[in-house]
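Read off the chains here:
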Amino acid sequence: MALRRSSRIGVGSLAAAALAATAFTAPAQASQDPAATAPGHGATQRAMDAAVRAGIPGVTAQARDGRGVWKAASGVGNMRTGEPRGKNDRFRVGSITKTFMATVLLQMEAEGRLSLDDTVDDHLPGLVRGNGNDGRKITVRRLLNHTSGLFDYLADKKYSETYMEGEGYLKHRYDTLPPEKHIRVALSHRPLFKPGTKHSYSNTNYVLAGLIVEKVGKRTYEDEVRDRIIKPLGLKATTNPGNSVHLPRPSSRGYSKLFRDQPDRIDDITEMNGSQGWGDGDIISSAGDLTRFYRALLRGKLLPPRQLKAMKTTVSTPQSPDTGYGLGLQRFKTSCGASVWGHGGGMVGWLSLAVTSEDGRHQLAFNFNGDWESDSMLMIMEAEYC
């Protein structure tokens, strides 16, 4: 995501979302489970502990590889009571939702129900118009790889101040927001560039993708995700919240630095209306479910070879030269030369990353229950894969 104080962000701009100062430093509370220091994951645990020392309240993580499943946690899940972060916590995954959305659309393409070269207007006639925006020139592919040129509704100043920052967020966190509102906000701005000529991360793309899923499937986006991905993979901790404000248990509290002029202030923002994310970032899941999802995806369990190849066909991301963006899937290059695939994301109060090796044999997913210190996320990934 391109927004600096975004509520849902992609890993390519995690560093931009971090705040410079942090007031809370909790003692690292690493898991006492002997598996937490098992060979191969000790460096990952230490990187998690370092993120807590840097100011993040807590971290929960899971890795899967040839040695089995490793679960770990560090820090606290509740800053008021000091309760430790849980290894099986559920959390808001933010833009990781985009991989689920792209998977559904690619399955529909494999079934012959749409084409990646269809235009937005083919499915949502007349919706994208005005201020130079034209849905007749934007394909489904350009939505999914963020080359549409559409303005990111989260970057709208009034929207951000109302729903993502300070008193605005605290006042409006329980509001139900239909996806059409996000589209109206985006279309009040001119496009950033001619469709297909550049890459710019825009959550607007995946709101439109969700509307296309509903038009083609003739039922809700949530029904499609549940029946195509969640149920077949047995992802029992994964849900679409609708307009619910609650997190299913087990879960920890989420925290945010909402006020730019009060960098030491941290607010508990756990409750929020799930509709404020929708198809671009609403899913609630766990580290365990995310590793299962990406393992199945890269092993070809969810998509035929042709569609998986299309998903992994990337465009360059100038703002982050070590990554490439495919169709709802990012490629990251580590400092040791390894390439991993996945997605990052967040909501106000949460930052997450889920990645897998290309052969689908080694996954890592983790979550911060605070939306700052994002540089620590890439350090955890490096520790696991390098």
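Residues numbered from 1 in each chain as written. Predicted model: local features only at pLDDT ≥ 70, side-chain atom pairs only at ≥ 80, totals over all residues. Heavy atoms only, no water.

Colleague: What exactly am I supposed to notice about the environment of K137 here?
Modeller: Mapped onto the secondary structure, K137 falls in the loop between β5 (133-134) and α5 (140-144). C-alpha separation for the pair K137 and V120, spaced 17 residues apart in sequence, amounts to 7.8 Å. Those residues in contact with K137, other than ones at most four positions away along the chain, are R142 and P195. (Helix = DSSP H or I, 4+ residues; strand = E, 2+ residues; numbered from the N terminus. Contact = heavy atoms within 4.5 Å.)

Colleague: Explain the state of the cysteines here, please?
Modeller: Note on terminology: a disulfide is the covalent bond linking the sulfur atoms of two cysteines. Counted according to the given criterion, the structure contains 1 disulfide. Covalently, C336 is tied to C386 through a disulfide, its sulfur atoms 2.0 Å apart. A torsion of -75 degrees about the S-S bond marks the disulfide between C336 and C386 as left-handed. Pair noted here: C336 is in the loop between β11 (330-333) and β12 (339-347) and C386 is in the segment after α13 (375-385), with a separation of 50 residues, a long-range link. Residue classification places C386 among the partly exposed positions, given a relative accessible area of 48%. (Disulfide = S-S within 2.5 Å. Buried < 20%, exposed > 50% of the residue type's maximum accessible area, 1.4 Å probe, protein only.)

Colleague: Looking at this structure, I do not really get the packing of helix α9 (residues 204-217) against helix α10 (residues 221-233). What am I missing?
Modeller: Pairs of packed helices are described in terms of their axes, by the angle between the two and the distance that separates them. Two elements in contact, α9 and α10, have axes separated by 8 Å at closest approach and are oriented at 80 degrees. Taken together, the axis directions place α9 and α10 in an arrangement best described as roughly perpendicular. Facing G210, V213, E214 and G217 of α9, the residues of α10 in contact are Y221, E222 and E224. Looking at the contact of α9 with α10 residue by residue, the class counts come to 2 nonpolar, 2 polar and 3 charged. (Axes fitted to C-alpha atoms, helices over the stretch in contact; angles between N-to-C directions. Parallel < 35°, antiparallel > 145°, perpendicular 65-115°, else oblique. Nonpolar A, V, L, I, M, F, W, Y, C, P; charged D, E, K, R; others polar.)

Colleague: Just to check I follow, could you spell out the environment of R249 for this structure?
Modeller: By the element assignment, R249 lies in the loop between α10 and β6 (255-256). Among the residues examined, R249 registers a relative accessible area of 69% and is labelled exposed. It is 9.4 Å that separates the C-alpha atoms of R249 and F91, two residues lying 158 residues apart in sequence.

Colleague: How should I be thinking about the nonpolar core in this particular structure?
Modeller: Nonpolar side chains tend to gather and get buried jointly when the protein is soluble and globular. Among the nonpolar cores identified, the biggest contains 74 residues, and F100, L105, L144, L297 and M311 are the most heavily contacted of them. The residues contacting F100, other than those within four sequence positions of it, are V225, I229, L235, T238, I283, L290 and F293. Membership of the second largest hydrophobic core comes to 25 residues, among which are I56, A72, L364 and A383. (Core = buried A, V, L, I, M, F, W, Y, C linked by side-chain atoms within 4.5 Å.)

Colleague: Just to check I follow, could you spell out the side chain of E222 for this structure?
Modeller: With respect to the helices and strands, E222 occurs in helix α10. In this structure E222 touches E214, N240, W278 and D282, once residues within four positions along its chain are discounted.

Colleague: For this particular structure, what's the right way to read the packing of aromatic side chains?
Modeller: Any aromatic ring pair is given by two values, namely how distant the centres are and how the planes are angled relative to each other. Per the stated rule, a full pass over the model turns up 7 aromatic pairs. Aromatic side chains Y153 and Y159 sit 5.3 Å apart centroid to centroid with 85 degrees between the ring planes, which places their arrangement in the edge-to-face category. Judged by centre distance (5.9 Å) and plane angle (40 degrees), the ring pair of F366 and F368 falls under tilted. In this structure, F366 and F368 share a single accessibility class: buried. In textbook terms, an aromatic cluster arises when at least three aromatic residues are bridged by ring pairs, as seen for F100, F293 and Y294. (Phe/Tyr/Trp six-rings, centres within 6.5 Å; stacked < 30°, edge-to-face > 60°.)

Colleague: Help me understand the pattern of salt bridges, please; the structure alone is not making it clear to me.
Modeller: Side chains that differ in sign of charge can pair as their charged atoms come close. For the structure shown, the criterion picks out 22 salt bridges. Note that D268 and R253 form a salt bridge whose closest N and O atoms lie 2.9 Å from each other. Note that D268 is positioned in strand β7 (residues 267-268) and R253 in the loop between α10 and β6, a separation of 15 residues in sequence. Owing to a relative accessible area of 31%, D268 belongs among the partly exposed residues under this scheme. Between D289 and R292 there is a salt bridge whose closest N-O contact spans 2.3 Å. Here the residue D289 and the residue R292 both occupy positions in helix α11 (residues 287-298), the gap between them amounting to 3 residues, near one helical turn. (Salt bridge = Lys/Arg side-chain N within 4 Å of Asp/Glu carboxyl O.)

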